[in-house]
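Residue-level structural notes
Single-letter residue listing:
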Amino acid sequence: QVQLVESGGGLVQAGVSLRLSCSASGRTCGRYAMGWFRQAPEKEREFVATIGWSGATYYALSVEDRFTISRDNAKNTVYLQMNSLKPEDTAVYYCAASPSYSGSNTAANYDYWGQGTQVTVSS
C-alpha cells in the first residue's frame with residue numbers, strides 16, 4: 001500500500017509559480033512511477049506529467065514548456081514545479097503512483113491516488 005498526500009496548492013495570479021509536493025508513505029515511492037493529473041470543474045481528469053523509476057519524464061503538451069516534475073526518492077516525495085500559470089491551469093491536482101517502470105499518461109494505470117490539492121489561477 002502507498003499513501004499519497006499532496007500539498008502546495010493555493011490561489012495565485014496568472015504568471016506566477018507554484019510548487020506542488022506529494023509525500024508518499026508505505027512502500028517506497030522509488031519502486032513506482034509517479035504522475036500528476038488534474039481535474040477542472042465539469043471536466044474529465046487529465047494527465048499532466050509523469051516520472052519513471054529512472055527519472056525519465058513525459059508531459060502533456062499543454063504544460064511541457066511550463067511545468068517540471070521531479071522526485072526525491074530519499075524523501076519519498078514528488079514535486080510539480082508550475083511556472084507561468086494560466087487561468088486554464090485551475091483544477092484539483094492529484095498525485096498518483098503506478099507500478100510501471102516508465103510511467104503512463106493513462107489514469108487507469110495508476111494504483112494509488114492522493115486526495116488532491118486545489119490550484120486556482122486568477123486572471
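Given the structure is predicted, the values throughout are model-derived calculations rather than measurements. (Residues numbered from 1 in each chain as written. Predicted model: local features only at pLDDT ≥ 70, side-chain atom pairs only at ≥ 80, totals over all residues. Heavy atoms only, no water.)

Okay, the state of the cysteines next. According to the stated counting rule, one finds 1 disulfide in the structure shown. Covalently, C22 is tied to C95 through a disulfide, its sulfur atoms 2.1 Å apart. Disulfide C22-C95: the torsion about the S-S bond is -80°, which places it as left-handed. Taken together, the positions of C22 in strand β3 (residues 18–26) and C95 in strand β9 (residues 91–98) put the pair 73 residues apart, joining distant regions of the chain. (Disulfide = S-S within 2.5 Å. Helix = DSSP H or I, 4+ residues; strand = E, 2+ residues; numbered from the N terminus.)

We now examine the pairing of strand β7 (residues 67–72). By the alternation rule, side chains of β7 split into F67, I69 and R71, which are all buried, and T68, S70 and D72, of which none is buried. Bridge count for β7 against strand β8 (residues 77–82) is 6 bridges, and the pairing is antiparallel. Its bridge partner lying in β8, R71 is registered against V78. Counting the residues in the hairpin turn of β7 and β8 gives 4 residues, including N76, whose phi is positive at 55°. (Buried < 20%, exposed > 50% of the residue type's maximum accessible area, 1.4 Å probe, protein only. Pairing = 2+ DSSP bridges.)

Once that is clear, we can look at the packing of aromatic side chains. Applying the stated criterion across every chain yields a total of 7 aromatic pairs. On the numbers, 5.9 Å between centres and 80° between planes, the contact of Y32 with Y112 is edge-to-face. Here the residue Y32 occupies a position in the loop between β3 and β4 (33–39), and Y112 occupies one in strand β10 (residues 112–113), the gap between them amounting to 80 residues. Each member of the pair, Y32 as well as Y112, carries the same accessibility label: buried. We note R45 situated over the ring of Y94; from NZ or CZ to the ring centre the distance is 3.8 Å. It is R45 that lies over the ring of W113; its NZ or CZ is 4.8 Å from the centre. (Phe/Tyr/Trp six-rings, centres within 6.5 Å; stacked < 30°, edge-to-face > 60°. Lys NZ or Arg CZ within 6 Å of the ring centre and 35° of its normal.)

Interpretation in functional terms is not warranted from these geometric data alone.
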